[in-house]
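Descriptive analysis of the structure
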Amino acid sequence: MTSDQLFAAASVSETPLVRDRRRRGQHVELVGTISAHDVAEGTVTIVDIQDGRRFHAELVVQLTASATITVDGQRRVLSALPVGHKLIVSGLLDGSLLLSGEVHALTIGG
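1. A few points about the overall build of the protein chain
- Regarding its fold elements, the protein chain presents 0 helices and 8 strands.
- Helices and strands appear in the protein chain in the N-to-C order β-β-β-β-β-β-β-β.
- Across the 110 residues in the protein chain, those meeting the buried criterion constitute 34%.
- Within the protein chain, contacts between residues separated by at least 24 positions form 49% of all contacts whose residues are at least 6 apart in sequence.
- Looking at the protein chain as shown, the accessible area adds up to about 6600 Å², and 51% of this sits on carbon and sulfur atoms.

And the structure:
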């Protein structure tokens, strides 16, 4: 197995944890659910993340100063990101932090 593959770690309590052992600075694209955002810190926390290879419990997305934020295709500010909506994000992965300049929230109809 190569260093950019993911490996599951032992779980703590009943919450599954995943350690991501990809190379630091690797570009990834993820889909997750928005659980929180922090305007002062410029971050979005996403849960139930999938990247085509593995499930992640939680990840913090650190937005760049010039980040593009959209909700259903319309440009928005960070505080307008709706908690509970799906988020598509790409950026550079560094452990449990993702540095991104672009995020897209989507309303998933049922």
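2. A look at the pairing of strand β3 (residues 26-38)
- By the bridge criterion, 8 bridges tie β3 to strand β7 (residues 86-94) in an arrangement that is antiparallel. Following the sheet pairing, Val28 is matched in β7 by Gly91.
- Where β3 and strand β4 (residues 43-50) come together, 6 bridges link them in antiparallel fashion. Considered in β4, the bridge of His37 is made with Val44.

3. Considering the confidence of the model for the protein chain
- For the protein chain, per-residue confidence averages 75 on the pLDDT scale, and 70% of positions sit at 70 or higher.
- Model confidence for the protein chain, summarised as mean pLDDT per element, is weakest for strand β1 (residues 7-8) at 30 and strongest for strand β6 (residues 74-75) at 94.
- Predicted confidence for residues 1-22 stays below pLDDT 50, and this span has 43 contacts to residues more than four positions away or in other chains.

4. Re the pairing of β4
- The buried fraction of β4 is high, at 6 of 8 residues.
- With antiparallel pairing between neighbouring strands as the criterion, β3 and β4 make up a hairpin whose turn holds 4 residues, including Gly42 at a positive phi of roughly 70°.

5. Quick notes on the environment of His37
- By the element assignment, His37 lies in strand β3.
- Owing to a relative accessible area of 29%, His37 belongs among the partly exposed residues under this scheme.
- Sequence spacing of His37 and Val83 is 46 residues, and the spatial spacing of their C-alpha atoms is 8.0 Å.
- Other than its neighbours up to four places away in sequence, His37 contacts Thr43, Val44, Leu78, Ser79 and Leu81.

6. Looking at unusual backbone geometry
- With a phi angle near 50°, Asp72 is a residue other than glycine that sits in the positive phi range.
- Tracing the backbone shows Asp72 in the loop between β5 (55-71) and β6.

7. Some details on the nonpolar core
- By size, the foremost hydrophobic cluster in this structure holds 20 residues, and its most contacted members are Val44, Leu81 and Leu87.
- Going through the elements one at a time, β3, β4, β5, β7 and β8 (97-106) are the ones with two or more residues in this core.
- Among the elements that take part in this core, β5 stands out by supplying 6 residues, more than any other.

Definitions and cut-offs
- Residues numbered from 1 in each chain as written.
- Predicted model: local features only at pLDDT ≥ 70, side-chain atom pairs only at ≥ 80, totals over all residues.
- Heavy atoms only, no water.
- Helix = DSSP H or I, 4+ residues; strand = E, 2+ residues; numbered from the N terminus.
- Buried < 20%, exposed > 50% of the residue type's maximum accessible area, 1.4 Å probe, protein only.
- Contact = heavy atoms within 4.5 Å.
- Areas by Shrake-Rupley, 256 points an atom, 1.4 Å probe, with all protein chains shown as cover.
- Pairing = 2+ DSSP bridges.
- pLDDT = per-residue confidence, 0-100.
- Core = buried A, V, L, I, M, F, W, Y, C linked by side-chain atoms within 4.5 Å.

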